[in-house]
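Analysis of the macromolecular model
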Amino acid sequence: MSDTHNKAPIASRFRGFLPVVVDVETGGFNPKRDALLEIAAVLLDMDDEGVIRREETISCHIEPFPGANLDTDSLEFTGIDPYNPFRMARPELEALEHIFKPVRRAIKDSGCNRAVLVGHNAAFDLSFVNAAVDRTKIKRNPFHPFSTFDTVSLAALAFGQTVLARAVKAAGIDWNNEKAHSAVYDTEKTADLFCTIINRWNDFSLNQPEVTTLIKATEGL
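A brief structural summary. Since the structure is predicted, the reported quantities are computational estimates derived from the model, not experimental observations.

1. Observations regarding the overall build of the protein chain
A tally of regular secondary structure across the protein chain gives nine helices and five strands. Overall, the protein chain shows an N-to-C arrangement of helices and strands of α-α-β-β-β-α-α-β-α-β-α-α-α-α. Every one of the 221 residues in the protein chain was classed for burial, and the buried ones make up 48%. Taking contacts inside the protein chain between residues at least 6 apart in sequence as the whole, the part at least 24 apart equals 69%. As displayed, the protein chain has an accessible area near 11900 Å², and 52% of this comes from carbon and sulfur atoms.

Laid out in structure tokens, this is it:
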């Protein structure tokens, strides 16, 4: 049996890359200096018809690393109290492994080669993930070190919107401002937005034979 038959549909759709939606909440904007306080990841699945959807959400509250900066304005914006014992926060290494383990499993199960971070302003989230990986000296980071799928660009193309809340609403998805700026909520809404755009593109390409032909011609590149 060929490798192609062992792969899930999602592996063929994105050239062997597995899109994983990630959102982080932080103590500032500098990934090397400011604390990573919360991370959530959403695993996606695709059926045989090419419809992509949310499958599993993993999340973790994170203890500020030793010497981390905590910007007051950032904490006020997110509403996070870094030292609240009810956060059940974990050290960075433990938190990252909690997220990475199911991502690695999903990569293997789908027949993909590596994960690609999907995010709204994805470079921001990836920069904090990469900085934490460097601090904790994790050797098996499942995410591509610089490539991302950014829903800002995708939403601008699909709906003419770049702000997450506005893009989500334009996609016909419910949005609750009171739940926003929680890593889990923002990640799941970003995942829904990404899936909606991909699924609508699939619907469009099915009705445009030249687009379908182009997609099939580039799948093996």
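2. Quick notes on helix α4 (residues 92-110)
Over its 19 residues, α4 runs 27 Å from end to end, which matches the ideal 27 Å to within 8%, given 1.5 Å per residue. Here α4 has its buried residues at E92, A95, L96, I99, F100, P102, V103, R104, A106, I107 and S110. G111 occupies a position one or two residues after α4 and carries a positive phi of about 80°.

3. A word on the packing of α4 against helix α5 (residues 122-136)
Axis separation between α4 and α5 bottoms out at 10 Å; the angle between their running directions is 120°. The pairing of α4 with α5 is recorded here as oblique in orientation. Once α4 is placed against α5, the crossing between them reads as left-handed. Contacts from E92, L93, L96 and F100 of α4 reach α5 at V129, A132, V133, R135 and T136. Split into classes, the residues belonging to the contact of α4 with α5 amount to six nonpolar, one polar and two charged.

4. Details of the side chain of T187
For T187, the position within the fold is in helix α8 (residues 183-206). Side-chain polar atoms of T187 contact the backbone oxygen of A183, separated by 2.4 Å. Each residue touching T187, except ones within four places of it in the same chain, is listed here: V21, V22, D23, A40, A41 and V42.

5. Here we look at the sheet that holds strand β2 (residues 36-46)
Spatial strand order, β3-β2-β1-β4-β5: five strands in an open sheet with mixed pairing. A strand with exactly one partner marks an edge of an open sheet, and here the two such strands are β3 (52-61) and β5 (143-150). Mean inter-strand twist for the sheet, computed between neighbouring axes without regard to direction, equals 35°. Across five bridges, the pairing between strand β1 (residues 17-26) and strand β4 (residues 114-119) is parallel. Bridging from a neighbouring strand, F17 pairs with R114 of β4. With respect to the sheet, α5 is in contact with β1, β2, β4 and β5, its orientation differing from that of β5 by roughly 165°.

6. Some details on α5
In this model α5 runs 21 Å from its N-terminal to its C-terminal C-alpha over 15 residues, within 8% of the 21 Å that 1.5 Å per residue would give. For α5, the set of buried residues is A122, D125, L126, F128, V129, N130, A131, A132, V133 and T136. On its buried side, α5 packs onto β1, β2, α4, β4 and β5. A positive backbone phi angle near 60° is found at K137, which sits one or two residues after α5.

7. Description of the environment of N84
Locating N84 in the fold gives a position in the loop between α3 (72-78) and α4. Polar side-chain contacts of N84 include one of 2.8 Å to the backbone nitrogen of F86.

8. What about the side chain of D23?
With respect to the element layout, D23 can be found in strand β1. For the buried D23, which has no salt bridge, the nearest side chain bearing the opposite charge is R87, at an N-O separation of 12 Å. Ignoring any residue separated from it by four or fewer positions in sequence, one finds D23 in contact with E38, I39, A40, D125, S182, A183, D186 and T187.

Criteria and cut-off values
- Residues numbered from 1 in each chain as written.
- Predicted model: local features only at pLDDT ≥ 70, side-chain atom pairs only at ≥ 80, totals over all residues.
- Heavy atoms only, no water.
- Helix = DSSP H or I, 4+ residues; strand = E, 2+ residues; numbered from the N terminus.
- Buried < 20%, exposed > 50% of the residue type's maximum accessible area, 1.4 Å probe, protein only.
- Contact = heavy atoms within 4.5 Å.
- Areas by Shrake-Rupley, 256 points an atom, 1.4 Å probe, with all protein chains shown as cover.
- Expected span 1.5 Å × (residues − 1).
- Axes fitted to C-alpha atoms, helices over the stretch in contact; angles between N-to-C directions.
- Parallel < 35°, antiparallel > 145°, perpendicular 65-115°, else oblique.
- Left-handed = near helix turned anticlockwise from the far one by under 90°.
- Nonpolar A, V, L, I, M, F, W, Y, C, P; charged D, E, K, R; others polar.
- Polar contact = N/O pair within 3.5 Å; in protein donor to acceptor, adjacent residues only side chain to side chain.
- Pairing = 2+ DSSP bridges.
- Lys, Arg positive; Asp, Glu negative; His and termini not counted.
- Salt bridge = Lys/Arg side-chain N within 4 Å of Asp/Glu carboxyl O.

Read these as spatial facts, not as claims about activity.
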